Amino acid sequence: MKSGTRYENLRSTLVREEPLVTTPRDWDELELQAHWFAGDFGREFVTTTGQPVRIVQFGVWNREAGPDFAEAAVSFDNGEPVRGAIEIDLDARDWERHGHATNPDYESVVLHIFTRPSGAEFFTRTAEHRLVPQVLLDLSRLSDDVVPSPPEAKLGRCSGPLRELPDEKAYEVLFGAAQFRLRRKAAALARLAELHGPDEALFQALAATLGYKSNKLPFTLLAQRLPLRLLRKSEADTLLFGASGFLPHDLASLESSTRTYLRGLWENWWPRRAEFERLKIDPPLWRMSGQRPANHPQRRLAALAQMVRLWPKIRALVDRAEATAIHEFFDQLKDEYWDYHYTVTSKTSPRRMALVGESRVIEMLANVFLPMAIAQDENRWADFKKLRAPLTNQRVEVAALRLFGEGARKKEYLKSVALQQGLLQIYEDFCLRDASDCARCQFPRQLAQW
Ligand code: SF4
């Protein structure tokens, strides 16, 4: 993976040399909390008074009234961990605005996290007037600022030098960018495993892939809020469908097979609904439009429930990370109801549908199984290179067009998962951070020295 190191060097030079013209992104509190729990901000911080803090345990999403995360453990000044809750707000003043300062449910808070300071000096205090340490989160760690307008779908300045590059050099640049991307994915998965254990990390990563792209956040939230260890001991489909808010109340007008299926879920969900009420996904978070019917999030949720049921097999697939075995497993994944239904209320389809389609399996290979394998053995890069991409998306199409224009090269590159990943990395590193219509982008100049 030498090209990956070369790309990393090229990228770090460019990012240092060229100030990025970006605007801060508006964060939603739920997105922020999901990133926090995934460890995307790290686990070492400094309080607003300069005290070092380490998050020893991130705890759990709180099911009760009160702070966002319960059962966390936090160490201050390298001391013994303090057990308690963590509250995350966008603005420091939300603590007072939302009445936490006088609410005894917040007495257990040991750390108050926010992304915007109050301006004036602000103390987080509980109902008993205990001072709570504060941490101001650095949003730039998510590197998710945005350029004022998205890059246009037109030929970019680097297309000239790229055209001059012989094929093997162009491959080397794209593979280098793909290897860099893979290493980052592997590092994120390793970090997740360190925070939550290897099984929970795998479960969260696979759930996010099933939600990709429109429903990545609700799938991530479900996997964080309903951990694998809980689902393995319960009726996974009941908890997943109940907490997703997908169970309809009115069953009268539905087909009898659908009513039977839903009654089974309701019977199990009814006694537990109060317990999980706070963890339910708000309906506006789900994106239902713009997807193929067979990819409806409800079908993907059913697939996740089946994966929980067959978890030991999923674990075995990770250990081997063989593409053929993974394809076979998902080909054989069945669900009596979901094999013939698009949604929880749709009519029975005469045709059986795969619970997880080929493109989703490739996404899981590219984003979870192979990055994990490559982290253990870099030679597995050879397997990654062989993955064929059944589909493209708008972002990768625009990236290919900007770098290579229309033509044979673009078509060829879009057929390979590794080359698509390389294109996406360059697009995110350069095109998405450029607000000069290519004029000040350093990528063309650096290409000459590749
Ligand atoms: S911004 Fe840079 S990388 Fe993107 S198309 Fe323009 S020159 Fe190429």
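Residues numbered from 1 in each chain as written. Predicted model: local features only at pLDDT ≥ 70, side-chain atom pairs only at ≥ 80, totals over all residues. Heavy atoms only, no water.

The protein chain is annotated in an unreviewed UniProt entry as DUF2851 domain-containing protein of Chthoniobacter flavus Ellin428.

### Let's talk about the nonpolar core
In globular proteins that are soluble, nonpolar side chains generally tend to be buried together. W36, I86, F241, F330, F384, L423 and F443 are the most contacted members of the largest nonpolar core, which has 133 residues in total. Here the element with the most residues in this core is helix 15 (residues 358–376); it accounts for 11 residues. Each of domain 1 (29–142) and domain 2 (198–357) accounts for three or more of the residues forming this core. Filtering out sequence-adjacent residues up to four positions away, F384 remains in contact with L182, A366, L370, I374, V417, A418 and Q421. (Core = buried A, V, L, I, M, F, W, Y, C linked by side-chain atoms within 4.5 Å. Buried < 20%, exposed > 50% of the residue type's maximum accessible area, 1.4 Å probe, protein only. Helix = DSSP H or I, 4+ residues; strand = E, 2+ residues; numbered from the N terminus. Domains from an automatic or database assignment. Contact = heavy atoms within 4.5 Å.)

### Section: the pairing of strand 6 (residues 109–116)
Counting buried positions along strand 6 yields 7 of 8 residues, so the element is predominantly enclosed. In this structure, strand 5 (residues 82–91) lies alongside strand 6, joined through 6 bridges in parallel fashion. Its bridge partner lying in strand 6, A85 is registered against V109. Examined bridge by bridge, strand 6 and strand 9 (residues 134–136) share 3 bridges and lie parallel to one another. Looking at strand 9, one finds that H112 is bridged to Q134. (Pairing = 2+ DSSP bridges.)

### Considerations on the site of the ligand
Close to the ligand lie G156, R157, C158, R402, F430, C431, D434, C438, C441, F443 and P444. Split by residue class, the shell around the ligand holds 7 nonpolar, 1 polar and 3 charged. (Near = heavy atom within 4 Å. Nonpolar A, V, L, I, M, F, W, Y, C, P; charged D, E, K, R; others polar.)

### Focus: the packing of helix 5 (residues 167–196) against helix 15
Packing of helix 5 against helix 15 brings their axes to within 8 Å, and their N-to-C directions diverge by 90 degrees. As the angle between them shows, helix 5 and helix 15 are arranged roughly perpendicular. Contact residues: helix 5 offers L182, K185, A186 and L189, while helix 15 offers A366, N367, V368, P371, M372, I374 and A375. Of the residues in the contact of helix 5 with helix 15, the class split is 9 nonpolar, 1 polar and 1 charged. (Axes fitted to C-alpha atoms, helices over the stretch in contact; angles between N-to-C directions. Parallel < 35°, antiparallel > 145°, perpendicular 65-115°, else oblique.)

### A word on the domain arrangement of the protein chain
When the parts come together, some accessible area is lost, and that loss is often what is quoted as the size of the interface. Taken domain by domain, the protein chain consists of domain 1 (29–142) and domain 2 (198–357). The distance between the C-alpha centroids of domain 1 and domain 2 comes to 32 Å. Contacts between domain 1 and domain 2 engage 14 residues on the former and 13 residues on the latter. Note on domain 1 versus domain 2: buried area summed over both sides is about 1100 Å², and carbon and sulfur give 56% of it. Looking at the side of domain 1 facing domain 2, the largest losses of area belong to L30, W61 and R63, adding up to 58% of the total buried there. At the junction of domain 1 with domain 2, the criterion picks out 2 salt bridges. The interface formed by domain 1 and domain 2 holds 6 residue pairs in polar contact (both at pLDDT 80 or more) in total. Listing elements by their share of the side of domain 1 that touches domain 2, those giving two or more residues are helix 2 (29–37) and strand 3 (60–61). The element contributing the most residues to the side of domain 1 that touches domain 2 is helix 2, with 4 residues. (Buried area = accessible area lost by both parts, 1.4 Å probe. Salt bridge = Lys/Arg side-chain N within 4 Å of Asp/Glu carboxyl O. Polar contact = N/O pair within 3.5 Å; in protein donor to acceptor, adjacent residues only side chain to side chain.)

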